[in-house]
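Residue strings, one per chain:
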Amino acid sequence: MNLNEAKDYSMDNGRYPVFFGTQVGLDFKLKSNPEYYPKVNNPRRVVIRVSSFIGICGDARHYYATIEADGISICYDEQTESGIKTWTVSGYLGEEFKKLPSHIRDLYSSKYIIDVCRRVTTSDIQKDPHRWEGYEVGDKTPAFDTRSSAISKAKAIVKARFSNGWQVEVRE
């Protein structure tokens, strides 16, 4: 899978860069709070999660894959009597941060979340026309027929969109 195909099979609403190097998000800086700095796990991790409603919801028979990658923590240091204490900041970061375009703010999240999708096939529609009512052949869907096909597509996306410095694991 090439990078453009990987982006096409990623459902992230354009929130993230097409390619994730291990340095993504580390350019975080606010003029209004210069003491804030980004911190990341080393190594940074990508977790592929697979879920399903099989056995929980009536006729459910599909699997869903999500890619969750480590984002950044926004921190600042405070000098105390016992030494330097590092604090993590969350929630409201001020007007300067709020005014950043959303696609920039998203780079400074604690997690990058990408849902994995595939294309609806003629076979899907023929096997279960009621389930696929309103869909056309070629439409995107996050529903996979097998756990292994969901994992395989997610792994291909990770391989194309994330640099080699990311540690990858699958959690089912």
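Above this text sits the structure in question.
The structure presented is a predicted model; accordingly, all values stated were derived computationally and were not measured.

A. Fine view of helix α5 (residues 147–161). When the terminal C-alpha atoms of α5 are compared, their 21 Å separation across 15 residues agrees well with the 21 Å that a helix rising 1.5 Å per residue should span. Buried residues of α5: Ala150, Ile151, Lys153, Ala154, Ile157, Val158, Ala160 and Arg161, and no others. In this fold, the buried residues of α5 make contact with α1 (3–8), β1 (10–11), β3 (45–52), β4 (63–70), β7 (111–116) and β10 (167–171).

B. Representation of the side chain of threonine 66 in the model. Following the sequence through the fold, threonine 66 ends up in strand β4. When its relative accessible area of 17% is taken as the criterion, threonine 66 is described as buried. Polar contacts involving the side chain of threonine 66 include one to the side chain of aspartate 115, which spans 3.2 Å. Look past the residues within four positions of threonine 66 in its chain and what remains in contact with it is Val47, Ile48, Arg49, Ile113, Ile114 and Asp115.

C. Region of the structure containing the sheet that holds β7. Taking strand neighbours across the sheet as the criterion, the five strands line up as β1-β7-β4-β3-β10 in an open arrangement whose pairing is mixed. With partners counted over all chains shown, the strands left at the sheet margins are β1 and β10, one partner each. Pairing of β3 with β10, which is carried by five bridges, proceeds in the parallel orientation. Each residue of the ladder has a partner; that of valine 47, found in β10, is glutamate 169.

D. Empty space enclosed by the protein, seen in detail. Taken as a whole and judged by the stated rule, the model has one cavity of 30 Å³ or more. Lining the largest cavity are Arg61, His62, Asp124, Lys127, Trp132 and Asp145. For the lining of the largest cavity, the class distribution of residues is one nonpolar, one polar and four charged.

E. How the structure looks around the pattern of salt bridges. Tallied over the entire structure, the rule returns 11 salt bridges. Across the salt bridge formed by lysine 111 and aspartate 70, the nearest N and O atoms sit 3.5 Å from each other. Placement of lysine 111 in strand β7 and of aspartate 70 in strand β4 is noted, with a sequence separation of 41 residues between them. When its relative accessible area of 34% is taken as the criterion, lysine 111 is described as partly exposed. With a closest N to O distance of 2.7 Å, aspartate 124 and arginine 118 form a salt bridge. This pair shows no difference in class: aspartate 124 is buried, exactly as arginine 118 is. Here the residues in one salt-bridge network are Arg45, Asp70, Lys111, Glu169 and Arg171, joined through shared partners.

F. Molecular detail of the layout of surface pockets. Looking at the largest pocket, its volume works out to about 170 Å³. Every residue lining the largest pocket is listed: Ile72, Ser73, Ile74, Thr88, Val89, Ser90, Leu93, Phe97, Arg105, Tyr108, Ser109 and Ser110. Tallied by class, the residues present in the lining of the largest pocket amount to six nonpolar, five polar and one charged.

Reading the values: rules and limits
Residues numbered from 1 in each chain as written. Predicted model: local features only at pLDDT ≥ 70, side-chain atom pairs only at ≥ 80, totals over all residues. Heavy atoms only, no water. Helix = DSSP H or I, 4+ residues; strand = E, 2+ residues; numbered from the N terminus. Expected span 1.5 Å × (residues − 1). Buried < 20%, exposed > 50% of the residue type's maximum accessible area, 1.4 Å probe, protein only. Contact = heavy atoms within 4.5 Å. Polar contact = N/O pair within 3.5 Å; in protein donor to acceptor, adjacent residues only side chain to side chain. Pairing = 2+ DSSP bridges. 1 Å grid on protein atoms, 1.4 Å probe; cavity = no way out; pocket = protein on both sides within 12 Å on 5 of 7 lines; lining within 4 Å. Points joined across faces, edges and corners; volume = space filled by probe spheres on them. Nonpolar A, V, L, I, M, F, W, Y, C, P; charged D, E, K, R; others polar. Salt bridge = Lys/Arg side-chain N within 4 Å of Asp/Glu carboxyl O.

Keep in mind these numbers describe shape, not what the thing actually does.
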